[in-house]
Amino acid sequence: METMAKEKEIQELVEKRQWWDVAEKARSKRLNYLRKAVWKKGALGGVYTPGLKICLDFPRLFTEAWRENEDIPIILRKARALANVWENIPIFITDQAQLVGYLGSAPHTMAWHWQAASMINEEIYNETGIIPEPEKESLKLIAEFNDYWGGKTSLDLFTKVVDPEDGVKFMSGAIGWGTPSSAVTYATRDFGFIFKGFEAIIDQIDREMEKAEEITHGTPSPEIFSYYEKFHKWEAMQTVLKAAIAYARRYARLARIIADNFESDPKRREELLRIAETCERVPAKPPRNLQESIQFDLFVNILNRYEAGEFAWPCRPDYIHGPFYDRDVKDDKRLTEDEALELIGEFMIRAYEIGMFAPRWTREGLQGIVGTWVWTIGGVDEDGNDACNDMTVALMKAARFVRVANPTFSFRWHPRVKDEVFREVFECIRHGLGYPNVRNDPVLIANGMYWHGHPLKEMRTWVNQACMSPCPTTKYGCQPFRMASCTANTAKMVEYALSNGYDRVVNMQMGPKTGDARKFKDFEELFAAWVKQMEWIMNILIRTVALGRVKDPEFYSRPMLSACYERAVETGTDAVDPSNGERGNTWITWFTWVENVDSLAAVKKLVFDEKKYTMEELITALEANWDGDEEMRLDFVRNAPKWGNDDDYVDSIMVRCLKEIARHSWEIKGPEGKPFPALPENVSGNIHYANIVGALPNGRRLGDALYDGGVSPGPGLDRKGPTAVLKSVGKIDHITQGRAFLLNQRLSPIQLAGDKGYHLWRSYMKTWADLGNDHVQFNMVDDSTLRAAQKDPEKYSEVIVRVAGYSAHFVDISRKTQDNIIQRTVQGLG
């Protein structure tokens, strides 16, 4: 009777499309407990959850060992400091958990990566509520850290070598976003290598050292000298690998102690002993089952986040863990499907609970989340066969139960995806998760081969390195370094083209002087100025990023990541060293992009073609932020052509701009000698930059939210339906004109209900694929729910929306971002 009543209650909630309540009722008791026990680490808008504290044990233990090893090379010094942390930081096991490991010393703590930048460290003094009690003592300790590390952080060291003008403009906050160091970065990993087990990698390093010793003791030649420094790097790798094994075995001991002394429930005791067995096995040796495989993955990601602020989680969990799922569930029957689902759901929760302190400008750009844990699923294998498996489906089912905002999924669509798998994708979207986003596998494989020369087989392994950029997970394809600072606030291109390069918001001459726009006689003069501003912004950002990349092994260093990279182990180099054979996978994230296109089209149409206004009138209105010219502003909003309506007038400007960018992308070369293509997306940059970008000819005023990013039309400006949006986006060459193009779409949950809804959506997706578009993602939560969540957030804590390249719980984003999502056009299909 109880079961029937519960099923009836769930069915009623399904009919009301209250999917967040359905999840709470339908998930297992264990998942429900773990889901509610987790501390939310993403900032609410820009502010951290009350009770959340930074972990001071981590910097204390690290700095203690760092000071004791002043006279050794940086990579070895860092390895010993990390080892001191992993051997001594307090550990815990959450009740009912089957997976262990945590970034910090207690569930309510988050890591602070103080080695990145002193200016970020100083922000901690202004953050109320995150200083551990007793506050006075903690502040004293923080002051000691800051005094010691002042001048020694990676950014501090970087500022001593960067060109002063580049440094000032880069740090102005107007044109870029982030820190040029692997202290704050994203790195792909090759689990085909890592799953050999850390003991096997230690043995491999022994063999590499023996070979090197033979060389250094052999016939003198210029080639032998580089080997002397390699020994330090190999020793550092072995140090962290041994410490990582010891860290896991601390959990094994703790689990046994609890099982043997404190646990009376035989079932839970058995689980604790299984945790102990798992942690004694991995990461020292290769995994044998699903729990060991997932635990191994979790340890690798946590340990690398102790080493650096990795704000993305590139991985392909169905590809990595799917064979273990099959063995346990289908072959050996070691686990039931429900038990496997619990394990997978907990894996997502363990990922969700990872927290790292971020400065306010980063929190504003990544509202509601810590970083972009975009897990890639689906796609093809190295031979081009459908790689979807039972784990692919299990991951999507688990996602609907746990409803976390991190990780999210990115689904690699290809023509042979089975209908039952694609239905699971749709179910996640229909449940309002905002994910998986859908990526066009054939297009993106071709894209990676075109821009970076990845071989076909290797490119077929790709994962999203952060939100959007595909990167192979192979020996030479893995990319260790990607900084958020390689991000362009592109609305400044058109703003500077109209202001002779002067930034009226930060009050300094930023870009080149490209002429007084009042005197431009035709659109070509304006476009030429725009091209110069575009080239300047790309150049200054890449100069800065590339310099940071080259100097990183000297300024920061990554022994743990190096031990996870086969090419670094073989060559005795830091993983970040671009000379060790990396093929490269660079890109520039293109924030606030479509404003350029709509602004250029508006000036062309209303000033140069129709001559309704003069450039003098337009520039005067922009300088005044449209004050006193509201009628004129509305004319630029309503009567100028807008991107996303299948209008060749404005769409041709989009394509022309992208061709210019692609041309310049090939002229710029990174340390690996590869180009920097553009990748238009936004995270929450449309809100963060709202007060930094001045008035624009698309009718925007200083302070207004910018468009929500990528190649998404402006909110409410795509008036001709979803097919027109797709056709506009389809005019872009998604292989040669950029790296990837984010498209947000909002759909009606009522229209897409039931089986008919699925077939309608599937037809839409066929059009999307036929047009060669590379990305699309959906919000499918109705306005009434979102409005209700604004009024009563406690009742809607698990409602999720797609923000940009990530999803977030609606109640965790700012009111301005919430309103921006509600304003997006709800597209009707059919």
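Residues numbered from 1 in each chain as written. Predicted model: local features only at pLDDT ≥ 70, side-chain atom pairs only at ≥ 80, totals over all residues. Heavy atoms only, no water.

**With respect to the overall build of the chain**
Item 1. When you go through the chain residue by residue, the secondary structure sums to 34 helices and 19 strands.
Item 2. Along the longest, intermediate and shortest principal axes, the C-alpha atoms of the chain span 80 × 80 × 60 Å.
Item 3. Out of the 830 residues belonging to the chain, those deemed buried represent 65%.
Item 4. With an accessible surface of roughly 28,500 Å², the chain has 51% of that area assigned to carbon and sulfur atoms. (Helix = DSSP H or I, 4+ residues; strand = E, 2+ residues; numbered from the N terminus. Buried < 20%, exposed > 50% of the residue type's maximum accessible area, 1.4 Å probe, protein only. Areas by Shrake-Rupley, 256 points an atom, 1.4 Å probe, with all protein chains shown as cover.)

**Focus on the sheet that holds strand S14 (residues 678-680)**
Item 1. The strand order across the open sheet built from three strands is S10-S13-S14, with neighbouring strands paired in parallel fashion. Among the strands making up the open sheet, the edge pair consists of strand S10 (487-489) and S14. This sheet shows a mean twist of 30 degrees between the axes of neighbouring strands, independent of strand direction.
Item 2. Alignment of strand S13 (residues 588-591) against S14, held across three bridges, turns out to be parallel. Following the sheet pairing, Ile-588 is matched in S14 by Ala-678. (Pairing = 2+ DSSP bridges. Axes fitted to C-alpha atoms, helices over the stretch in contact; angles between N-to-C directions.)

**Description of helix H3 (residues 29-37)**
Item 1. Restricting attention to buried positions, one finds in H3 the residues Arg-30, Leu-31, Asn-32, Leu-34 and Arg-35.
Item 2. Contacts made by the buried residues of H3 are with helix H2 (19-26), helix H13 (266-281), helix H16 (337-352), helix H18 (390-402) and strand S18 (807-809). (Contact = heavy atoms within 4.5 Å.)

**Remarks on a negative patch on the surface**
Item 1. The grouping of Asp-203, Asp-206, Glu-210, Glu-213 and Glu-214 at the surface amounts to a negative patch.
Item 2. Inspection of the secondary structure puts Glu-214 in helix H11 (residues 198-216).
Item 3. A relative accessible area of 61% places Glu-214 in the exposed class. (Patch = residues over 30% accessible without salt bridge, like charges linked within 9 Å, V, L, I, M, F, W, Y side chains within 5 Å. Salt bridge = Lys/Arg side-chain N within 4 Å of Asp/Glu carboxyl O. Lys, Arg positive; Asp, Glu negative; His and termini not counted. Charge placed at Lys NZ, Arg CZ, Asp CG, Glu CD.)

**Describing the pairing of S13**
Item 1. Of the two faces of S13, the one lined by Ile-588 and Trp-590 and the one lined by Thr-589 and Phe-591 are each fully buried.
Item 2. Where S10 and S13 come together, three bridges link them in parallel fashion. What sits directly across from Asn-489, in S13, is Phe-591.

**Section: the packing of aromatic side chains**
Item 1. On inspection of all chains with the given rule, the structure shows 48 aromatic pairs.
Item 2. Arranged with centres 6.0 Å apart and planes meeting at 35 degrees, the rings of Phe-523 and Phe-527 form a pair that is tilted. Taken together, the positions of Phe-523 and Phe-527, both in helix H23 (residues 523-555) and four residues apart, correspond to about one turn of that helix.
Item 3. Take Phe-527: its relative accessible area is 3%, and that puts it in the buried class.
Item 4. Against the face of Trp-373 rests Arg-305, its NZ or CZ located 4.6 Å from the ring centre. (Phe/Tyr/Trp six-rings, centres within 6.5 Å; stacked < 30°, edge-to-face > 60°. Lys NZ or Arg CZ within 6 Å of the ring centre and 35° of its normal.)

Scope: geometric values only; no functional claims are made or implied.
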